[in-house]
Amino acid sequence: MIRLNCFFKANEGRYSEALEAAIALTARSLNHKGCVAYDVFESATRPDIFMICETWENQEVLDLHSATPEFAEYVGIIEACGQLKLEKFEF
């Protein structure tokens, strides 16, 4: 299994746009082969922070997910709205 924690910090005025893209990406990703879990969590203490938490069966299905058109589209929007930091754990 692979767990990805993708932390996002929004540029000023771009939080809502990024969050909408993250929610849309989550809805699509839940149907991807090998997706165990995928969700978005908003910070309770910082209005410009959210996290996407993903769990995948293995690297092969994660690579397939990362190669989809919707991944490129929505991650592109998110990256244009702020900064992403990725943590990856294998277990």
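Residues numbered from 1 in each chain as written. Predicted model: local features only at pLDDT ≥ 70, side-chain atom pairs only at ≥ 80, totals over all residues. Heavy atoms only, no water.

(A) Just the pairing of strand β3 (residues 49–56), in detail. By the criterion of burial, β3 is predominantly enclosed, with 8 of the 8 residues buried. As paired elements, strand β1 (residues 2–10) and β3 share 8 bridges and run antiparallel to each other. Among the inter-strand pairings, N5 is bridged to a residue of β3, identified as C53. Where strand β2 (residues 35–42) and β3 come together, 7 bridges link them in antiparallel fashion. Residue pairing in the sheet places E42 in a bridge with F50 of β3. Adjacent in sequence and paired antiparallel, β2 and β3 are bridged by 6 residues. (Buried < 20%, exposed > 50% of the residue type's maximum accessible area, 1.4 Å probe, protein only. Helix = DSSP H or I, 4+ residues; strand = E, 2+ residues; numbered from the N terminus. Pairing = 2+ DSSP bridges.)

(B) Focus on helix α1 (residues 15–29). Taking 1.5 Å as the rise per residue, α1 with 15 residues should run 21 Å; its terminal C-alpha atoms sit 21 Å apart, in good agreement. Within α1, the full set of buried residues consists of Y15, A18, L19, A21, A22, L25, T26 and S29. Along α1, the residues classed as buried sweep out an arc of 160 degrees about the axis, all on the same side. Packing partners of the buried residues in α1 comprise β1, β2, β3, α2 (59–66) and α3 (69–81). (Expected span 1.5 Å × (residues − 1). Arc of directions from axis to C-beta. Contact = heavy atoms within 4.5 Å.)

(C) Main features of the side chain of N5. Within the fold, N5 resides in strand β1. In this structure, N5 is in contact with M51, I52, C53, K85, L86, E87 and F89, ignoring residues within four places of it in sequence.

(D) Representation of the side chain of T26. Mapped onto the secondary structure, T26 falls in helix α1. Not counting residues within four places of it along the chain, the set of residues in contact with T26 comprises Y38, D39 and V40.

Worth remembering: the numbers are spatial, not functional.
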